[in-house]
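Overview (structure and organization)
Residues per chain, in single letters:
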Amino acid sequence: MSRRTNAWLTGSLARAHPLTASARSITFAVPGWPGNDPGHHVDVRLTAPDGYQVVRSYSIASTGTGEEIELAIDRLPDGEVSPFLVDDLELGDTVELRGPLGGWFVWRPEQTQPVQLIAGGSGVVPFIAMTRAHASAGNSIPMQLLYSLRAPCDAFFRDELSQPSATAPTTWHYTRTVPPGWSRSAGRLTVKDLKSETLPPEQVPLTYICGPTGFVETVSRALISLGHAADNIRTERFGGI
Ligand SMILES: Cc1cc2nc3c(=O)[nH]c(=O)nc-3n(C[C@H](O)[C@H](O)[C@H](O)COP(=O)(O)OP(=O)(O)OC[C@H]3O[C@@H](n4cnc5c(N)ncnc54)[C@H](O)[C@@H]3O)c2cc1C
């Protein structure tokens, strides 16, 4: 649906709201934006008064043909760009945006394979776009999300993911702190967890994994050890370890 433009477009911050203590959703109005598919990302370029420029990539939480795009940014305390986007950018401020980018990591409603999404932390952002597109297409192809995060307070879009009307159910997995009364203890995803909480290889799911580099690599290896074909696993690494 969407066509990439190589041009840098100007985006003006139209809306923003906090997602967690360290993250916020920011929506830009971007005249000329060509639209994007679920899973696409965008490059964001900031330019300082002295001409110094910095570019970072961000997944797009929104999808479709409109000229607005929603991003969801987690602040890295020692980061150069993310603290500015989370704490300092004000309504009406502008950044430059280029995209959409990343055709391999997209999901389109006409795809027929069952879909397993596996997110680590802010890696859930492209999956918000996919679950939104799945719901709005009224799609009957199974889609489900396994969302690994440190603690309940770190959840992005919890209310939206927990809506009874959500067509892609979410399984929550906590690595450091669990909610009161939770039946499982905190810990990183294991091969056993992945076996019990994701679609099995017999269903031949297309699996998308997104998050910090180490998370993506560990989960990919575990899925292959469980019998999933590497060709059916798509990954997006956000950086870090
Ligand atoms: C395709 C793609 C999509 C992305 N989508 C999102 C998104 O939707 N939301 C989001 O918050 N981020 C996303 N990221 C990460 C984002 O591009 C930046 O890397 C992140 O915001 C940190 O930038 P920074 O300038 O604040 O930190 P930097 O100044 O670049 O780095 C500061 C320190 O943090 C480390 N670091 C960098 N990135 C990470 C990371 N992801 N996790 C842990 N440590 C890290 C660096 O090694 C360095 O030590 C995405 C990355 C890619 C490649």
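Here goes a summary of the coordinates provided. (Residues numbered from 1 in each chain as written. Predicted model: local features only at pLDDT ≥ 70, side-chain atom pairs only at ≥ 80, totals over all residues. Heavy atoms only, no water.)

**Regarding the environment of Gln 163**
- Tracing the backbone shows Gln 163 in the loop between helix H3 (158-162) and strand S9 (170-174).
- Sequence spacing of Gln 163 and Leu 226 is 63 residues, and the spatial spacing of their C-alpha atoms is 31 Å. (Helix = DSSP H or I, 4+ residues; strand = E, 2+ residues; numbered from the N terminus.)

**Quick notes on unusual backbone geometry**
- Cis geometry marks the peptide bond from Gly 99 to Pro 100, where omega comes out at 0°.
- By the secondary structure assignment, Pro 100 is in strand S6 (residues 94-101).
- The residue Phe 157 is not glycine, and still its phi comes out positive at about 55°.
- Relative to the assigned elements, Phe 157 resides in the loop between strand S8 (143-149) and H3.
- Classification of Phe 157 as buried rests on a relative accessible area of 9%.
- The phi angle at Val 204 is positive, at roughly 45°, despite the residue not being glycine.
- Mapped onto the elements of the fold, Val 204 is located in the loop between helix H4 (191-197) and strand S10 (206-211).
- Val 204 gets classed as partly exposed once you look at its relative accessible area, which sits at 41%. (Buried < 20%, exposed > 50% of the residue type's maximum accessible area, 1.4 Å probe, protein only.)

**Overview of the site of the ligand**
- The environment of the ligand is made up of 22 residues, and the closest members are Arg 56, Ser 57, Tyr 58, Asp 74 and Ser 82.
- One of the backbone N or O atoms of Ser 59 is found 3.0 Å from a nitrogen atom in the ligand.
- Contact between the ligand and Asp 74: an oxygen atom at 2.8 Å from a main-chain N or O atom of the residue.
- Starting from 910 Å² of accessible surface for the ligand in isolation, the protein chains cover 73%.
- Those elements that provide at least two residues to the shell around the ligand are strand S4 (53-59), strand S5 (68-74), helix H1 (82-88) and strand S11 (233-237).
- Among the elements that take part in the shell around the ligand, S4 stands out by supplying four residues, more than any other.
- Looking at the shell around the ligand residue by residue, the class counts come to eight nonpolar, eight polar and six charged. (Near = heavy atom within 4 Å. Polar contact = N/O pair within 3.5 Å; in protein donor to acceptor, adjacent residues only side chain to side chain. Areas by Shrake-Rupley, 256 points an atom, 1.4 Å probe, with all protein chains shown as cover. Nonpolar A, V, L, I, M, F, W, Y, C, P; charged D, E, K, R; others polar.)

**Points about the pattern of salt bridges**
- Taken as a whole and assessed by the stated rule, the structure comprises 12 salt bridges.
- Of the charged contacts in the structure, one is a salt bridge between Glu 96 and Arg 45, with a shortest N-O distance of 3.0 Å. Taken together, the residues span a long stretch of sequence, with Glu 96 in strand S6 and Arg 45 in strand S3 (residues 41-47) at a distance of 51 residues.
- The partly exposed category is assigned to Glu 96, whose relative accessible area is 22%. (Salt bridge = Lys/Arg side-chain N within 4 Å of Asp/Glu carboxyl O.)

**Observations concerning the environment of Ser 165**
- Take Ser 165: it is sitting in the loop between H3 and S9.
- For Ser 165, a relative accessible area of 57% corresponds to the exposed category.
- Spatially, the C-alpha atom of Ser 165 lies 8.3 Å from that of Ala 135, the residues being 30 residues apart in sequence.

**Observations regarding the side chain of Thr 170**
- Structurally, the position occupied by Thr 170 is in strand S9.
- By relative accessible area, Thr 170 is classed as buried at 17%.
- If near-sequence neighbours (up to four positions away) are discounted, Thr 170 is found in contact with Leu 145, Tyr 147 and Leu 161. (Contact = heavy atoms within 4.5 Å.)

Everything listed here is a matter of coordinates, which is why it stays silent on function.
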